[in-house]
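Structural features, examined
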Amino acid sequence: MMQKNTITVTSDKITQPLTFAFAADFHNGDADEALSLMRGCDAILIGGDLVNRHSRHGWRNAARFLDLAPRIAPTFYNLGNHERLLPDIAEYLPLVQKSDVTVLDDCFVDFRGITLGGVSSARKMPGMPPVRAQMDAKKPFLQAMAARDGFKLLLCHHPEYFAPLVQGLDIDLTLAGHVHSMQLKIRPWGRGWSPAKWIYKHWSGRYDTGHHTLYVNDGTGYVAYPMRLGAWPEVTLFTLKRCR
């Protein structure tokens, strides 16, 4: 059963209360339950891997989501590694471009008094620069975003990008996915435990570092093996409020 987690973030930069529904890693799964939990929000944020690169036509449910989500609320979409490596991307991209979804591919936009940005996945691909060069190329956009006034919210599919690209910049809230808690989590206390801890510094839940908050969503779908144990599918509702 999908969980709905609620997170409140306060800042004196917020000019009006806002609620965002955030999810990631659908992997072309059925999104109806997630969409039902997103109703009533001010915007829907998708943190990458809406598709599944391991299956033929691993974008058909994703395309349906792109059609339905903007009917609920303005929808913003950050690209993950599965989008970058999707074999039939030529079939999927025109559907994305025709949809009413705003793609945040290493860019930012204004939305109701805050800056919304998205830093996309860097991957080794034919015709592309080396991954290190791709990562370095993202820094000017992030620095420009950080220099803007007001509250800044960044979609960043990979939590491992936080330390080299985002930490130290004036970006208030970063939302990530990718890890899925490796679809296995034991919850004796707090964040719980997952083998993902052996690979990722930031692997699940909320991390506060000074003025900045990073949140890693456990995702809604699965890859590799068709099950989740403890790392239940998740939609996260973020409420942004001004400090009193």
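Here the structure is shown first, and the text comes after it.
Residues numbered from 1 in each chain as written. Predicted model: local features only at pLDDT ≥ 70, side-chain atom pairs only at ≥ 80, totals over all residues. Heavy atoms only, no water.

1. A short note on the pattern of salt bridges
The full count for this structure, using the stated rule, is 14 salt bridges. The residue Lys185 makes a salt bridge to Asp218 at a minimum N-O spacing of 2.7 Å. Placement of Lys185 in the loop between β9 (173-176) and β10 (205-209) and of Asp218 in the loop between β11 (212-216) and β12 (234-242) is noted, with a sequence separation of 33 residues between them. Overall, the relative accessible area of 2% leaves Asp218 in the buried class. (Salt bridge = Lys/Arg side-chain N within 4 Å of Asp/Glu carboxyl O. Helix = DSSP H or I, 4+ residues; strand = E, 2+ residues; numbered from the N terminus. Buried < 20%, exposed > 50% of the residue type's maximum accessible area, 1.4 Å probe, protein only.)

2. What about the sheet that holds strand β5 (residues 102-103)?
Spatial strand order, β1-β12-β2-β3-β4-β5: 6 strands in an open sheet with mixed pairing. Whereas interior strands pair on both sides, the edge strands pair on one side only; in this sheet they are β1 (3-11) and β5. With 2 bridges joining them, strand β4 (residues 75-77) and β5 adopt parallel strand pairing. Its bridge partner being in β5, Phe76 is matched across the sheet by Thr102. Lying on the sheet, helix α2 (residues 60-72) is in contact with β3 (43-46) and β4; it crosses β3 at an angle near 150°. (Pairing = 2+ DSSP bridges. Contact = heavy atoms within 4.5 Å. Axes fitted to C-alpha atoms, helices over the stretch in contact; angles between N-to-C directions.)

3. As for the packing of aromatic side chains
The final tally for this structure, using the stated rule, is 7 aromatic pairs. Put simply, the rings of Phe20, Phe76 and Phe111 pair up and form one aromatic cluster. Above the plane of the ring of Trp59 lies Arg60, whose end atom (NZ or CZ) is 5.9 Å from the centre. Taking the ring centre of Tyr207 as reference, the NZ or CZ of Arg191 above it sits at 4.0 Å. (Phe/Tyr/Trp six-rings, centres within 6.5 Å; stacked < 30°, edge-to-face > 60°. Lys NZ or Arg CZ within 6 Å of the ring centre and 35° of its normal.)

4. Description of the packing of α2 against helix α4 (residues 89-98)
Remark: α2 packs on α4, axes separated minimally by 10 Å, with the N-to-C direction vectors making an angle of 5°. Looking at the two axes, α2 sits roughly parallel to α4. Each of Ala62, Ala63 and Leu66 in α2 lies in contact with α4, whose residues at this interface are Tyr92, Leu95 and Val96. By residue class, the composition of the contact of α2 with α4 is 6 nonpolar, no polar and no charged. (Parallel < 35°, antiparallel > 145°, perpendicular 65-115°, else oblique. Nonpolar A, V, L, I, M, F, W, Y, C, P; charged D, E, K, R; others polar.)

5. Let's talk about the sheet that holds strand β6 (residues 107-111)
Within the open sheet, the 6 strands sit side by side as β6-β7-β8-β9-β11-β10. Their pairing is mixed. The open sheet has two free edges, formed respectively by β6 and β10, since each of these has just one partner strand. Ignoring which end each strand starts from, the neighbouring axes of this sheet average 20° apart. By the bridge criterion, 4 bridges tie β9 to β11 in an arrangement that is parallel. Its bridge partner lying in β11, Ala176 is registered against Val216. Strand contacts of helix α5 (residues 131-146): β6, β7 (114-119) and β8 (152-156), with the helix running at about 170° to β7, the strand carrying the most contacts.

6. Section: the nonpolar core
In this structure, Phe26, Met38, Leu50, Phe65, Tyr77 and Tyr92 are the most contacted members of the largest nonpolar core, which totals 29 residues. Residue assignment for this core shows that the elements contributing at least two residues are β2 (18-23), α1 (32-38), β3, α2, α4 and β12. If one sorts the elements of this core by residue count, α2 sits on top with 5 residues. Discounting residues that sit within four places of it in the chain, Met38 has contacts with Ala21, Ala23, Phe26, Ile44, Ile46, Ile72 and Val235. Membership of the second largest hydrophobic core comes to 23 residues, among which are Ala146, Leu165, Val166 and Tyr200. (Core = buried A, V, L, I, M, F, W, Y, C linked by side-chain atoms within 4.5 Å.)

7. Quick look at a nonpolar patch on the surface
Where nonpolar side chains cluster on the molecular surface, the patch consists of Met182, Trp198, Ile199, Tyr225, Met227, Leu229 and Trp232 and spans about 750 Å² of accessible area. As for its position among the elements, Tyr225 is in the loop between β11 and β12. A relative accessible area of 34% places Tyr225 in the partly exposed class. (Patch = residues over 30% accessible without salt bridge, like charges linked within 9 Å, V, L, I, M, F, W, Y side chains within 5 Å. Areas by Shrake-Rupley, 256 points an atom, 1.4 Å probe, with all protein chains shown as cover.)

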